[in-house]
Amino acid sequence: MAAGDTTTTVIGNMTADPELKYTPNGVAVANFTVASTPRTYDRASNEWKDGAALFMRCSVWREAAENLAESLTRGARVILFGRLKQRNWTTDDGQKRSTIELEVDEVGPSLRFATAKVTRTTRSAAKASRPAAAESDRSTELVGAGAGAGQDPWAAGSGWGTSGEEPGF
């Protein structure tokens, strides 16, 4: 991140499954849209009111893109942190257009209405399923509320290193 970047956090629901693509160099990118609707409490009517929805177009790159595509789907409530970017273009008929998008640095499922199980993938297993230029070392799996029984991802031998050291992110 550069010093002048405008960063923000967005919490909302994915409007569709992420679109995972690869650049000619094999770098993964996932594009998706998140809808975020503010809610306020109206004391006069004694009820919650929805505000105008914000539809934010987002992109995430490299390992995080592959992990997102494997883990989260339409309707998932997500927490995003990233940099706002303005993209400008000219239409075929000469009109100038611009849009604001979120280039995501961190993404995860919201645990407000669901549970999640974190599973770490190994580099060798991850490389087998993607182009050679794209690498991965971890992923997350969204599990429905009330689920989550299974192996403890934090237990010894879970891929975090044999000496018990914390992984370097």
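Residues numbered from 1 in each chain as written. Predicted model: local features only at pLDDT ≥ 70, side-chain atom pairs only at ≥ 80, totals over all residues. Heavy atoms only, no water.

A. Spotlight on the nonpolar core. Phe32, Val34, Cys58 and Leu80 are the most contacted members of the largest nonpolar core, which has 17 residues in total. For this core, the elements supplying multiple residues, two or more each, are β1 (7–14), β3 (28–36), β6 (54–61), α1 (62–71), β7 (77–90) and β8 (96–109). If you tally residues by element for this core, the top one is β3, at 4 residues. Residues in contact with phenylalanine 32, not counting those within four places in the same chain, are Met14, Pro18, Met56, Arg57, Cys58, Val60, Leu68, Leu80 and Val104. (Core = buried A, V, L, I, M, F, W, Y, C linked by side-chain atoms within 4.5 Å. Buried < 20%, exposed > 50% of the residue type's maximum accessible area, 1.4 Å probe, protein only. Helix = DSSP H or I, 4+ residues; strand = E, 2+ residues; numbered from the N terminus. Contact = heavy atoms within 4.5 Å.)

B. The arrangement of the layout of surface pockets in detail. Computed from the structure, the second largest pocket encloses a volume of approximately 260 Å³. Lining of the second largest pocket is provided by Ile11, Gly12, Asn13, Ala35, Ser36, Thr37, Arg39, Asp50, Arg77, Arg112 and Phe113. Listing elements by their share of the lining of the second largest pocket, those giving two or more residues are β1 and β3. Among the elements that make up the lining of the second largest pocket, the one with the highest residue count is β1 (3 residues). Class assignment of the residues belonging to the lining of the second largest pocket gives a composition of 3 nonpolar, 4 polar and 4 charged. (1 Å grid on protein atoms, 1.4 Å probe; cavity = no way out; pocket = protein on both sides within 12 Å on 5 of 7 lines; lining within 4 Å. Points joined across faces, edges and corners; volume = space filled by probe spheres on them. Nonpolar A, V, L, I, M, F, W, Y, C, P; charged D, E, K, R; others polar.)

C. The environment of alanine 16, seen in detail. Topologically, alanine 16 is positioned in the loop between β1 and β2 (19–22). In this structure alanine 16 comes out as partly exposed when scored by relative accessible area, which is 37%. C-alpha separation for the pair alanine 16 and alanine 76, spaced 60 residues apart in sequence, amounts to 9.1 Å.

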